[in-house]
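Residues per chain are reported as follows:
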Amino acid sequence: MIMGCLAWGSFSDRVGRAAGIAVVFFFLAAAIIFFTVSHSLVIYYISAVVFWAAEPGVPVIVAAACGDYVGGRLAPAAVGFATLFMGIGQAVGPILTGSMADVTGSFDMAFYASAGVAIIGIMGAAFLRRPGAQL
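Quick caveat: nothing in here was measured; it's all calculated off a predicted structure.

(A) Expanded view of the overall build of the protein. In terms of regular secondary structure, the protein is built from five helices and zero strands. The order of helices and strands in the protein, counted from the N terminus, is α-α-α-α-α. In the protein, which comprises 135 residues, the proportion classed as buried is 26%. Contacts in the protein between residues far apart in sequence, at least 24 positions, make up 64% of those at least 6 positions apart. As displayed, the protein has an accessible area near 8800 Å², and 75% of this comes from carbon and sulfur atoms. Looking at the protein, you have 5 positive and 5 negative side-chain charges, and the mean spots of the two groups are 20 Å apart.

Below is the structure:
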């Protein structure tokens with residue numbers, strides 16, 4: 001986990017926060033989709049490893065972006081505000097996906113929805129502006 005945090009932080013320093021978060025969301029979406037459509041144990045393991053490697057990138061890059069946008073002095077407050085929304089998603093997500101599984105009798109739709117949210121994250125990254133850029 002610590003190595004993943006260092007790797008994703010370094011990666012986003014080199015390519016930019018928007019590209020970094022887009023790549024992380026791409027890997028997360030791919031891992032979820034491959035896990036859902038495959039019936040191969042090997043693909044399950046590969047998906048799990050890809051997800052495990054990509055997952056630390058989200059909070060690391062979001063924290064770094066907070067520092068970039070508001071500066072070091074206000075970064076803790078910005079990270080706390082971003083964490084509030086991540087927490088809401090983590091609280092509501094299992095309720096929604098569990099309900100989807102109850103209705104459909106399978107977790108497939110829930111996994112596809114999760115991948116869809118990651119894809120929305122990729123698209124959202126395209127709208128991130130560099131700190132200090134004029135709108």
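Moving on, there is more to tell.
(B) Highlighting helix H5 (residues 108–125). With 18 residues, H5 should reach 26 Å at 1.5 Å per residue; the first-to-last C-alpha distance of 26 Å fits that figure. Regarding H5, the residues found buried are Ala110, Ala115, Ala118, Gly121 and Ala125. Buried residues of H5, seen end-on, are gathered within an arc of 140 degrees and therefore sit on one face of the element. Turning to H5, the residues buried within the fold contact helix H2 (17–37) and helix H4 (57–104).

The rules behind the values
Residues numbered from 1 in each chain as written. Predicted model: local features only at pLDDT ≥ 70, side-chain atom pairs only at ≥ 80, totals over all residues. Heavy atoms only, no water. Helix = DSSP H or I, 4+ residues; strand = E, 2+ residues; numbered from the N terminus. Buried < 20%, exposed > 50% of the residue type's maximum accessible area, 1.4 Å probe, protein only. Contact = heavy atoms within 4.5 Å. Areas by Shrake-Rupley, 256 points an atom, 1.4 Å probe, with all protein chains shown as cover. Lys, Arg positive; Asp, Glu negative; His and termini not counted. Charge placed at Lys NZ, Arg CZ, Asp CG, Glu CD. Expected span 1.5 Å × (residues − 1). Arc of directions from axis to C-beta.

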